[in-house]
Amino acid sequence: MAATDVQEFIQQNRALADQVENHRGISETNKQWDARREFILRNVNEFEEAQIDQLLALSMVWANNVFLGCRYNTELLDKVKDMAEGIVVEDAPIFKTREEIMKKQGR
């Protein structure tokens, strides 16, 4: 979903979009929220209403990995990356592990 596709989807599904807006974190920037909202909207039809908390948790895992560099087990990261396929985050931060930094310094 491109940004224009997201806006079109929101206009066509106002009630769903309003529900999703209620899940924005108070500390999320517009950039973070736009990306996480797209993640949620792309995947909401794959989850039953009783599973929405699981979708929200997966969206946070993805956003935390992309924007904060949080690491999770490989299986979980693979799942959220598959769910986020096609979401473009411009100027996403690049994180290095301690091991990568130490290796670069020759230690």
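Residues numbered from 1 in each chain as written. Predicted model: local features only at pLDDT ≥ 70, side-chain atom pairs only at ≥ 80, totals over all residues. Heavy atoms only, no water.

Caption draft 1: Highlighting the overall build of the protein. Across its full length, the protein holds six helices and zero strands. Here the protein holds 107 residues, and 33% of them are scored as buried. Here the analysis covers contacts within the protein between residues at least 6 apart in sequence; of these, 52% occur between residues at least 24 apart. Approximately 7,600 Å² of the protein is accessible, and the part contributed by carbon and sulfur atoms is 48%. (Helix = DSSP H or I, 4+ residues; strand = E, 2+ residues; numbered from the N terminus. Buried < 20%, exposed > 50% of the residue type's maximum accessible area, 1.4 Å probe, protein only. Contact = heavy atoms within 4.5 Å. Areas by Shrake-Rupley, 256 points an atom, 1.4 Å probe, with all protein chains shown as cover.)

Caption draft 2: Summary view of the pattern of salt bridges. In total, this model carries four salt bridges according to the counting rule given. Measuring nitrogen to oxygen at the nearest pair gives 2.8 Å for the salt bridge that ties E21 to R37. Linking E21 in helix α2 (residues 14-21) with R37 in helix α3 (residues 30-43), this pair joins segments that are 16 residues apart in sequence. On the accessibility criterion, E21 (30% relative accessible area) is partly exposed. Across the pair E28 and R36 runs a salt bridge whose closest N-O atoms are separated by 2.7 Å. Via salt bridges that share partners, E21, D34 and R37 belong to a single interconnected network. (Salt bridge = Lys/Arg side-chain N within 4 Å of Asp/Glu carboxyl O.)

Caption draft 3: Here's a closer look at the environment of I87. Positionally, I87 belongs in the loop between α5 (74-83) and α6 (98-104). Taking relative accessible area as the criterion, I87 reaches 12% and is therefore assigned buried. For I87 and R36, which are 51 residues apart along the polypeptide, the C-alpha to C-alpha distance reads 9.3 Å. Excluding residues within four positions of it along the chain, I87 makes contact with A35, E38, F39, R42 and W62.

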